[in-house]
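Coordinates in review
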Amino acid sequence: MKIILKKKILNLGKKNDLIEVKPGYARNFLFPKKKAILATISSIKELNNLIKKKKIKKKFLIKKLKFYLKSIKKLKIKFYLKLGENGKLFGSIYKKKIYKYLKSKNIKIKKKFLFLEKDPIKQIGVFPCKIILHPKVHSKFEFEVYYKKVLIL
């Protein structure tokens, strides 16, 4: 019996899969628990339309995310840390600080999409930050850390 799954079922398939199962399993378990529906001609056409719409939506999302990445790469990100008398830096750069900077530039992404190689950064230099917005859309950008001398009177 051919059925269309409505939920992911372990060792059977994922949502919207068209699979073949024994009639008793479908009638006694899958249909009563609303985990599957019978695969008729109309339900298969509906499933194909749904899959096409999802593909179009996914392509649009990927284009939008790539545009976002281009705008992030154009930014010249600079952070300043305070420098004490004996040359010790005060403060550090976490991904939260990068997230807040991007947010101030109207780039709205979640903090969990940012990845620093070393967290926190407590030195001066140029550092990479990896950003993963989608499995197919990811990139690296760089930011700079400078020091600002603090005068102690």
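The preceding data block contains the structure.
Conventions used here
- Residues numbered from 1 in each chain as written.
- Predicted model: local features only at pLDDT ≥ 70, side-chain atom pairs only at ≥ 80, totals over all residues.
- Heavy atoms only, no water.
- Helix = DSSP H or I, 4+ residues; strand = E, 2+ residues; numbered from the N terminus.
- Rg over C-alpha atoms; globule rule 2.2 N^0.38 Å.
- Salt bridge = Lys/Arg side-chain N within 4 Å of Asp/Glu carboxyl O.
- Buried < 20%, exposed > 50% of the residue type's maximum accessible area, 1.4 Å probe, protein only.
- Contact = heavy atoms within 4.5 Å.
- Polar contact = N/O pair within 3.5 Å; in protein donor to acceptor, adjacent residues only side chain to side chain.
- Pairing = 2+ DSSP bridges.
- Axes fitted to C-alpha atoms, helices over the stretch in contact; angles between N-to-C directions.
- Core = buried A, V, L, I, M, F, W, Y, C linked by side-chain atoms within 4.5 Å.

1. Side note on the overall build of the chain
Check the secondary structure of the chain and you find three helices and eight strands. Secondary structure elements in the chain, listed N-terminal to C-terminal, are β-β-α-β-α-β-β-α-β-β-β. Its C-alpha atoms give the chain a radius of gyration of 26 Å, more than 25% over the compact-globule value 15 Å for 153 residues. Dimensions along the principal axes, computed over C-alpha positions, put the chain at roughly 85 × 30 × 20 Å.

2. Points about the pattern of salt bridges
Counted by the stated rule, this structure contains one salt bridge. Among the salt bridges present, the one from glutamate 117 reaches lysine 140, with a minimum N-O distance of 3.8 Å. Highlighted residues: glutamate 117 in the loop between strand E6 (114–116) and strand E7 (125–134) and lysine 140 in strand E8 (residues 137–149), separated in sequence by 23 residues. The class of lysine 140 is partly exposed, set by a relative accessible area of 47%.

3. Quick notes on the environment of serine 139
Structurally, serine 139 is set in strand E8. Of the residues examined, serine 139 reaches a relative accessible area of 13% and is grouped as buried. Measuring from C-alpha to C-alpha, the distance between serine 139 and lysine 70 comes to 9.5 Å, with 69 residues separating the pair along the chain. Filtering out sequence-adjacent residues up to four positions away, serine 139 remains in contact with Leu69, Lys73, Cys129, Lys130 and Ile131. Here lysine 73 takes part through its side chain, which lies 3.1 Å from a polar atom of the side chain of serine 139.

4. Thoughts on the side chain of asparagine 16
As for its placement among the helices and strands, asparagine 16 is situated in the loop between strand E1 (2–5) and strand E2 (18–20). Once residues lying within four places of it in the same chain are set aside, the contact partners of asparagine 16 are Ile4, Leu5, Lys6, Leu47, Leu50 and Lys54.

5. Observations regarding the sheet that holds E1
An order of E2-E1-E3 is seen for the three strands of this open sheet, with the pairing classed as antiparallel. Whereas interior strands pair on both sides, the edge strands pair on one side only; in this sheet they are E2 and strand E3 (36–38). The sheet shows a mean angle of 40 degrees between the axes of neighbouring strands, taken without regard to direction. By the bridge criterion, three bridges tie E1 to E3 in an arrangement that is antiparallel. By the bridge assignment, isoleucine 4 is partnered in E3 with isoleucine 37. Lying on the sheet, helix H2 (residues 41–74) is in contact with E1, E2 and E3; it crosses E1 at an angle near 35 degrees.

6. Considering the nonpolar core
Counting 26 residues, the largest nonpolar core has Ile93, Ile98, Leu102, Leu114, Ile131, Phe141 and Phe143 as its most contacted members. Of all elements in the fold, only H2, strand E4 (77–83), helix H3 (95–104), E6, E7 and E8 reach the threshold of two or more residues within this core. With residues near it in sequence (within four places) discarded, phenylalanine 141 still touches Ile72, Ile77, Ile98, Leu114, Phe127, Pro128, Cys129 and Ile131. One finds Ile3, Ala26, Leu30 and Ala36 within the second-largest nonpolar core, a separate group that totals eight residues.

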